[in-house]
Amino acid sequence: MCLGVLFFVTVVKWIATPINHRISDNKALLSPILIFAALAISLIYTEDIVLGLDMVFRKNAYILIPVTVFVNQDLFKEKIRDYFEVYLYGLTAAGIVTMILFCIPQETLSVFLEGKDWLRDFTPDPNRLAFGIYSPFMDRLQFGYLLGIGGLIHLWFLMKEKMSLKGIVSFSIVFLTLVLIGARGAQLAFSISAFSIFLLWFFGQAQKSKRWRTLIATGILISFVLVPLILYQYVPAVTKRYNHMLYEMDLYLNHDITQYDYGNFTSVRRIFSWVNTWELIQNNWLFGVGIGDVVSDLEQVYLSKNLTCPANSHNQFLLYWVSAGLLGLIAFLVTISSYFRTLLKKDSGPTQKVAFSFMLFYLVIFLLDVPIWYAIGINGFFPFFCLFIISGKDEVREH
């Protein structure tokens, strides 16, 4: 409903007010429309048309957010810093609430949450650190992705302006929540993308001060090796979460995994998903199965192999391919490549570095999950996708 009103206002403004931006100059910004079009075309041959319509026009409609940004990009361009700041305020508040609920004994928390339907269901679990702490507002993995983006935005502020005490506190809360939430994909993606920021920054600084090149490079390398090791060694939430992953891998490689209760073995379930989705693609590589039939067709593959875990998708590339065929996969690849081509044309300031790391963050996630398949994930990805594309020349504040 809200999205419909938003698009209606956007179209009215587009018709009533001259737009100074040409579509030909905004191909990267509007490229996500190709993804939406590919999914819509797959409705022609999907069997479950009701589910297909719901997936396209309700759960994936937010892919069209770039249209709104295109029409109003002058306003958005002026407010990028404000958008980032408000985003961090909200994320920090969510992190504080999550930490407070984590500190409450599980039995007490269970009683406290009774009847509060606006929060996610909570089930006490004596081994909760092995599966990630309770996320009250949204799916734990999606929250992890938003926290990862928040960490990158904090680095943007750090490079553009002197970080205040408020910023340091906010970053600490965001980082701590990301560590405890147990979203390993988000943790891995944040580590890689943050490392890329410092690496890009290092190459820039090395040109100015070659004397410090070795020292800076050594410091960056040590930091990104020592911090994960320290967290693994001394933070129980990290230790238990990754030990459980190693346990799953050992069972999968050296034992008959079907003899165990693997319903909560998220690493093993990802492997099952990749293997069986690829099998589905091999039989429908050109057109896919249609967006409405992905789940039911994948469930049939699982049943044929006596797999009892949920038939979920865990790779964004494979999901677009199996849903809308080569057209869906190509549309997705065009969107990503257009983004990078746009970044290469921008100045090499803080915004370009963080914009690059943002897509790198999501490329890691795309291999492990499907973060932009539902509205909540799409709303986490595409606004930043658009803001980084339309961002202008960096203005670094002097202090």
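First, a word on what this report is: a plain description of the structure on this page. Counting restarts for each chain, with residues numbered from 1 along the sequence as it is written. Local features in this predicted model are restricted to residues whose pLDDT is 70 or higher, and side-chain atom pairs enter the listing and the counts only when it is 80 or higher, whereas totals over whole chains, interfaces and linings include all residues. Processing note: side-chain calculations cover all non-hydrogen atoms of the structure and skip hydrogens and water entirely.

Another point: the overall build of the protein chain. The number of helices and strands found in the protein chain is 18 helices and zero strands. Expressed as a percentage of the 399 residues in the protein chain, the buried residues total 49%. All accessible-area figures derive from a Shrake-Rupley calculation using a 1.4 Å probe, and residue coverage is judged against the displayed protein chains alone. Carbon and sulfur atoms make up 66% of the accessible area of the protein chain, which totals about 20,300 Å². By definition, any uninterrupted DSSP run of H or I lasting at least four residues is a helix, any uninterrupted run of E lasting at least two residues is a strand, and each is numbered from the N terminus. Exposure categories follow from relative accessible area, calculated using a 1.4 Å probe and restricted to protein chains: below 20% of the type maximum is buried, above 50% is exposed, and the middle band is partly exposed.

Okay, unusual backbone geometry next. Across the chain, the bulk of peptide bonds are trans and the bulk of non-glycine residues have phi less than zero. The phi angle at Asn-306 is positive, at roughly 60°, despite the residue not being glycine. Considering the arrangement of structural elements, one finds Asn-306 in the loop between α15 (294-304) and α16 (316-344). With relative accessibility at 62%, the residue Asn-306 sits in the exposed group.

Its 18 residues give helix α14 (residues 266-283) an end-to-end C-alpha distance of 26 Å, which sits within 8% of 26 Å, the value for a rise of 1.5 Å per residue. Residues of α14 that are buried: Thr-266, Ser-267, Val-268, Arg-269, Arg-270, Ile-271, Phe-272, Ser-273, Asn-276, Thr-277, Leu-280 and Ile-281. Helices are assigned an expected span. That span is 1.5 Å times one less than the residue count.

Topologically, Val-294 is positioned in helix α15. In this structure the C-alpha to C-alpha distance between Val-294 and Thr-277, which are 17 residues apart in sequence, comes to 9.1 Å.

Turning next to the packing of α16 against helix α18 (residues 375-390). The relative placement of two packed helices is expressed as an angle between their axes plus a distance between the axes. α18 packs onto α16 with a crossing angle of 30° between their chain directions and a minimal axis gap of 9 Å. With respect to their mutual orientation, α16 and α18 come out roughly parallel. Remark: the crossing between α16 and α18 carries left-handed chirality. Together, Thr-335, Tyr-339, Thr-342 and Leu-343 of α16 and Phe-385, Phe-388 and Ile-389 of α18 make up the contact between the two elements. In this description, a line fitted to the C-alpha atoms serves as the axis of each element, helices being fitted only across the stretch in contact, and the angle between N-to-C directions of two axes falls anywhere from 0 to 180 degrees. The labels follow the angle: roughly parallel below 35 degrees, roughly antiparallel above 145, roughly perpendicular from 65 to 115, and oblique for the rest. Helix crossings are classified by the rotation of the near helix relative to the far one: an anticlockwise turn of less than a right angle makes the crossing left-handed, while a clockwise turn makes it right-handed. Residue contacts are counted whenever heavy atoms from the two residues lie within 4.5 Å of one another.

Take a side-chain nitrogen of Lys or Arg and a carboxyl oxygen of Asp or Glu: if they are within 4 Å of each other, that pair is a salt bridge. All chains considered together, the criterion is met by four salt bridges. For Glu-85, the salt bridge identified is with Arg-81, shortest N-O distance 3.3 Å. Separated by four residues within a single helix, Glu-85 and Arg-81 lie in helix α7 (residues 80-103), roughly one turn from each other. Among the residues examined, Arg-81 registers a relative accessible area of 23% and is labelled partly exposed. Here Lys-305 makes a salt bridge to Glu-279, at a shortest N to O gap of 2.8 Å. Of this pair, Lys-305 sits in the loop between α15 and α16 while Glu-279 sits in helix α14, and the two are 26 residues apart along the sequence. One salt-bridge network, held together by shared partners, links Asp-54, Arg-58 and Lys-59.

This brings us to the packing of aromatic side chains. The criterion for an aromatic pair is that two Phe, Tyr or Trp rings (for Trp, the six-membered ring) have centres within 6.5 Å, with stacked assigned to planes under 30 degrees apart, edge-to-face to planes over 60 apart and tilted to the rest. Under the criterion given, the structure shown has 34 aromatic pairs. Between Phe-171 and Phe-175, the aromatic rings sit 6.0 Å apart at their centres with planes inclined by 20°, giving stacked as the arrangement. With Phe-171 and Phe-175 both in helix α10 (residues 165-181), this residue pair falls four residues apart, about one helical turn. Classification of Phe-175 as partly exposed rests on a relative accessible area of 27%. Ring geometry for Phe-381 against Phe-385: centres 5.7 Å apart, planes inclined by 35°, an arrangement best described as tilted. A residue pair is termed a helical-turn pair when its members lie 3 or 4 positions apart in one helix, as Phe-381 and Phe-385 do in helix α18 at four residues. For Phe-385, a relative accessible area of 0% gives the class buried. Here Lys-116 stacks its cationic end above the ring of Phe-112, 4.3 Å away from the centre of that ring. By the criterion adopted, a ring carries a charge over it if an Arg CZ or a Lys NZ lies within 6 Å of its centre and within 35 degrees of its normal.

Direction vectors running N to C along α14 and α15 enclose 105°, while the axes themselves pass 10 Å from each other. In terms of axis orientation, α14 runs roughly perpendicular to α15. Packed against α14, whose contacting residues are Arg-269, Phe-272, Ser-273, Asn-276, Thr-277, Glu-279 and Leu-280, the element α15 presents Val-294, Asp-297, Leu-298, Val-301 and Tyr-302 at the interface. As a working rule, the residues Ala, Val, Leu, Ile, Met, Phe, Trp, Tyr, Cys and Pro are called nonpolar, Asp, Glu, Lys and Arg charged, and the rest polar, with Gly in that last group. Its residues assigned to classes, the contact of α14 with α15 comprises six nonpolar, three polar and three charged.

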